[in-house]
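# Report on the structure
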Amino acid sequence: MADVTNASRPRAGAVSPVARRVAGGRRNPHVVGADEPAPRWLRQAAGVSWRLLVVVAAVVLVFYATSRVQLLFIAVFLALVFTAVLRPLVDGMSRVMPRGLATALALLAGILFFLGMLTYVGFSIATQWNDLARQFETGIDQITDFLESGALPFTITNDQIVEWIDNGVAWVQEHAGDIASQAAASAGSVVEGFTALALATFCTVFFLARGTQMWTWFLNQLPVRVRETWVTAGGAGWYTFSGYTRGTVIIAITDGVLAFVLLTVLGVPLAAPLAVLVLIGAFIPLIGAPAAMVVAMIVALAANGLWSAVFVGIGIALIGQLEGHILQPLIMGKQVSLHPVVVALAVTAGTLTAGILGAVIAVPLVAVAWAIYSRLRTLDPPMDEEDAADETEPGDEAPDEDAPGPRGTPLTSG
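Source: prediction; values computed, not measured. The residue count restarts for each chain, going from 1 along the sequence in the order it is written. Side-chain atom pairs in this predicted model are given and counted only at pLDDT of 80 or more, local residue features only at pLDDT of at least 70, and totals for whole chains, interfaces and linings cover all residues. The side-chain values count all of the structure's non-hydrogen atoms but skip hydrogen atoms and water molecules.

pLDDT measures how confident the predictor is about each residue, on a scale from 0 to 100. Looking at the protein chain, the pLDDT average stands at 76 and 71% of residues meet or exceed 70. The model gives residues 22-26 a pLDDT under 50, and that stretch makes ten contacts with residues more than four places away or in other chains. Within the model, the stretch residues 403-414 combines pLDDT values under 50 with 19 contacts to residues more than four positions away or in other chains. Residues count as neighbours in contact if any of their non-hydrogen atoms are within 4.5 Å of one another.

Further remarks concern the packing of aromatic side chains. Pairing of aromatic side chains here covers Phe, Tyr and the six-membered ring of Trp, requires ring centres within 6.5 Å, and sorts the geometry by plane angle: under 30 degrees stacked, over 60 edge-to-face, intermediate tilted. The full count for this structure, using the stated rule, is eight aromatic pairs. Centroid distance Trp-215 to Phe-218: 5.7 Å. Interplanar angle 25 degrees. Geometry classified as stacked. Of this pair, Trp-215 and Phe-218 both sit in helix 7 (residues 176-220), separated by three residues, roughly a single helical turn. Here's how the labels work: a residue is buried when its accessible area is under 20% of the maximum for its type, exposed when over 50%, partly exposed in between, all with a 1.4 Å probe on protein chains only. Taking the relative accessible area as the measure of exposure, Trp-215 reaches 34% and is therefore partly exposed. On the numbers, 5.5 Å between centres and 40 degrees between planes, the contact of Trp-370 with Tyr-373 is tilted. Each helix is a run of H or I in the DSSP string that is no shorter than four residues. Each strand is a run of E no shorter than two, and both are numbered from the N terminus.

Before going further, it helps to examine the layout of surface pockets. Of the voids in this model, the largest pocket is the one considered here, and its volume is about 1,900 Å³. Cavity means a closed set of points on a 1 Å grid over the protein atoms alone, one where a 1.4 Å probe fits but cannot get out, pocket means an open set with protein on both sides within 12 Å along at least 5 of 7 lines, and lining means a residue has an atom within 4 Å of a point. Considering the residues around the largest pocket, the lining is formed by 42 residues, among which Leu-78, Val-81, Phe-82, Phe-114 and Leu-197 are closest to the centre. If you list the elements that add at least two residues to the lining of the largest pocket, you get helix 4 (70-93), helix 5 (99-148), helix 7, helix 8 (224-265), helix 9 (271-281) and helix 12 (340-376). For the lining of the largest pocket, the element with the highest residue contribution is helix 4, accounting for nine residues. Grid points are joined across faces, edges and corners, and a volume is the space filled by probe spheres set on the points. What the second largest pocket holds in volume is close to 1,100 Å³. In this structure, the second largest pocket is lined by 28 residues; those nearest its centre are Leu-80, Phe-207, Trp-215, Gly-234 and Trp-238. At the level of secondary structure, the elements contributing two or more residues to the lining of the second largest pocket comprise helix 4, helix 7, helix 8 and helix 12. For this classification, Asp, Glu, Lys and Arg are treated as charged, while Ala, Val, Leu, Ile, Met, Phe, Trp, Tyr, Cys and Pro are nonpolar and the rest, including Gly, are polar. Split by residue class, the lining of the second largest pocket holds 18 nonpolar, seven polar and three charged.

Looking now at the side chain of Thr-103. The topology assignment puts Thr-103 in helix 5. When its relative accessible area of 2% is taken as the criterion, Thr-103 is described as buried. Beyond its immediate sequence surroundings of up to four residues, Thr-103 is in contact with Val-90, Val-205, Leu-208 and Ala-209.

Right, let's talk about the packing of helix 4 against helix 12 for a bit. Two packed helices can be described by the angle between their axes and the distance between those axes. Contact geometry for helix 4 and helix 12: axes closest at 13 Å, N-to-C directions at 55 degrees. What the angle tells us is that helix 4 and helix 12 run oblique. Crossing of helix 4 over helix 12 shows left-handed handedness. Between helix 4 and helix 12, the contacting residues are Gln-70, Phe-73, Ile-74 and Phe-77 on the first element and Leu-357, Ile-361, Pro-364 and Leu-365 on the second. When its residues are assigned to classes, the contact of helix 4 with helix 12 shows seven nonpolar, one polar and no charged. Between N-to-C directions, angles cover 0 to 180 degrees, with each direction set by a line fitted to C-alpha atoms, over the stretch in contact for helices. Relative orientations are named as follows: roughly parallel for angles under 35 degrees, roughly antiparallel for angles over 145 degrees, roughly perpendicular for angles from 65 to 115 degrees, and oblique for any other angle. Less than a right angle of anticlockwise turn of the near helix away from the far helix marks a crossing as left-handed, whereas a clockwise turn marks it as right-handed.

Structure below.
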């Protein structure tokens, strides 16, 4: 009886008659009582697709959570920026004095530098305002005469200009309520900005004084098996972020000084405020420097005429070329190795997501993410450009393991 029972059972590895009758079962020797009618490429695409959906959902969740605590995110980001800029100074001073005292002196030096720059800009505006008003009036008259002279393909008369001004005044009067509400909202934003700045300064004190202890405490809360990965990722991310931040600050100060010298030599009024505007524009990739250049050209055009505006534009454009081809490779090196296309896409996505703030933080976040990914991944041997650009004819594709016939898997004999 036992022999009959054992004989009726299929041997291990053998294909049962039921499995053979399944549609497609004859084409796949690994099918035992089950069938996978979808081709392999579709199954792989489906697997990748649902994983991508999970990743996108996680990213959306992070963005949503960040938008709910935007003030906190801005404060922590500013604290990390301040820490990256001041940490070399604190490390150097802590060799000859307690680290707490070095942190206090470094923060005081940074605050004095910022306040001194604002004071100088305000003093420049106050002392040059009367002369600037007269120069603006003369410059606007020159621009009006140029538009009315007919030198351009089109002619703009003084009556048209007056009509546009009257329309602008009427629009302002009609939308006075909306403008007032927006001004009130801006006042609230200013209060939030000071709050974020105060919180960022508070966090910076602890990041500078006890940053290593805080990081060690965080690592000790993790399982032992993942601590090494977190140490590697954190080191790569901080190296990239600090290098990008310090490099951007150095480049921005250099651009501001060069712009101040250029505007002073050309006799453009408000050279200091415009130089500060160029300095701020260096923190916004792609769009910051052109915007600052346009503002400086408008001031030069209204104050000193057309040629002054042309020279200002050429000079600031040359400063941008100096930054892109000499300063950035020399100062940043390979700490931030992002392709210009990636930078453009990151800035655009950041601007669409969070406005100017998104444009400022998009590039460092992408750089940090890429640095961590590059540090943790296992890189396969690279391909040559000739192999990557090789064209394959439709009849030269690799054999499909699921396809029957001589180029695919041999048919299972029935």
